[in-house]
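Spelled out, the chains give:
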Amino acid sequence: KANAYINTRYSGEYITYSGSLWRIIESTKDGYTKVIAEKPFELIDNSLIKYETEDEIKIYNPNQKGNIGYIINRRAGEATNEEYFVTREISVPIYKDAASYKGEVETKKYKVKFAAPDMYEMFSAPQVNSGMGYWLINSSKTEFRKYVYSNIGIVMYDDELSNDYETYIRPTAYFDKSVKIVSGSGTKEDPYKISK
């Protein structure tokens, strides 16, 4: 209903905000709502993004200039209004070799406004084949291994990705706990409209 807080809604429901469709992943215990963009973003200059570091081991790091994590956190705001989003702590899963449910060897935490999705996160796979790939947050200690969801709908990594591989941003973010529903029913055809 109108005036209900968005953090009372359910995983899988849709929100329209700043010209983009978002899907709820979860509401946190402290009242924030984690969402993922339904489609990858096209940046202002229509550019794709890539790792701009020379490191052979490419671990997602929003604090390292030229790193995909750094670029996503700073550039996702080009394609959406940042006003309703808040900075929150994220966890970067780092694997010794290949990403798997049991293969995670360590986690690093950072505070950001925008991040890439985890390949195992709910709704991180594309709903339709949009022809647009995007970066994933999953990282590996294996040289040159990086993870992307490709434009043909599969996860790519390892030798399939050269150091200059370029693709889009499909961000995850957290809505502020003060965000409320104005109208809508939460479906893809009638997403929630929101305000603060």
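Above this text you will find the structure in question.
The rules behind each value
- Residue positions are given per chain, counted from 1 along the sequence in the order it is written.
- It should be noted that, the model being predicted, local features are given only for residues of pLDDT at least 70 and side-chain atom pairs only at 80 or more, the latter also being counted only at that level, while totals for whole chains, interfaces and linings use all residues.
- Working from all heavy atoms in the structure, the side-chain values ignore hydrogens and water.
- The buried label applies to any residue whose accessible area, calculated with a 1.4 Å probe on protein chains only, is under 20% of its type's maximum; exposed applies above 50%, and partly exposed to all values in between.
- Strands are runs of DSSP state E lasting at least 2 residues, helices are runs of H or I lasting at least 4, and numbering of each runs from the N terminus.
- Two residues form a contact once any of their heavy atoms are found within 4.5 Å.
- Two N or O atoms count as a polar contact when they lie within 3.5 Å, although within protein this holds only if one can serve as hydrogen donor and the other as acceptor, and sequence-adjacent residues are included solely when both atoms are side-chain atoms.
- Working definition of a nonpolar core: buried Ala, Val, Leu, Ile, Met, Phe, Trp, Tyr and Cys residues. They are joined through side-chain atoms within 4.5 Å.
- For two strands to be treated as a pair, DSSP must find no fewer than two bridges joining them.

Novice: Can you help me understand helix α1 (residues 68–75) in this one?
Specialist: Residue pairs three or four apart in sequence face the same way in an α-helix, which turns once every 3.6 residues. Within α1, burial applies to I68, G69, I71, I72 and N73. Looking at the buried residues of α1, the elements they touch are β6 (104–112) and β7 (134–140). Measuring from the backbone nitrogen of G69 back to the side-chain oxygen at the start of α1 gives 2.9 Å, which picks out N67 as the cap.

Novice: It is not clear to me how the nonpolar core should be interpreted in this structure. Could you clarify?
Specialist: Generally speaking, nonpolar side chains in soluble globular proteins are found buried as a group. Among the nonpolar cores identified, the biggest contains 39 residues, and I15, Y60, I72 and F175 are the most heavily contacted of them. The residues touching I15, leaving out its near neighbours within four places in the chain, are I6, S20, L21, W22, I24, V35, F175, P191, Y192 and I194. Y95, A99, M119 and Y134 belong to the second-largest nonpolar core, a separate cluster that totals seven residues.

Novice: What is the right way to read the sheet that holds strand β1 (residues 14–17) from this model?
Specialist: Strands in a sheet are paired, the pairing made by backbone hydrogen bonds, and the direction either parallel or antiparallel. Spatially, β4-β10-β3-β2-β1-β12-β11 is the arrangement adopted by the seven strands of the open sheet, whose pairing is mixed. The open sheet terminates on both sides in strands that have one partner only, identified here as β4 (85–86) and β11 (180–183). Bridge analysis of β4 against strand β10 (residues 172–175) gives two bridges, and the strand direction is antiparallel. Each residue of the ladder has a partner; that of F85, found in β10, is F175.

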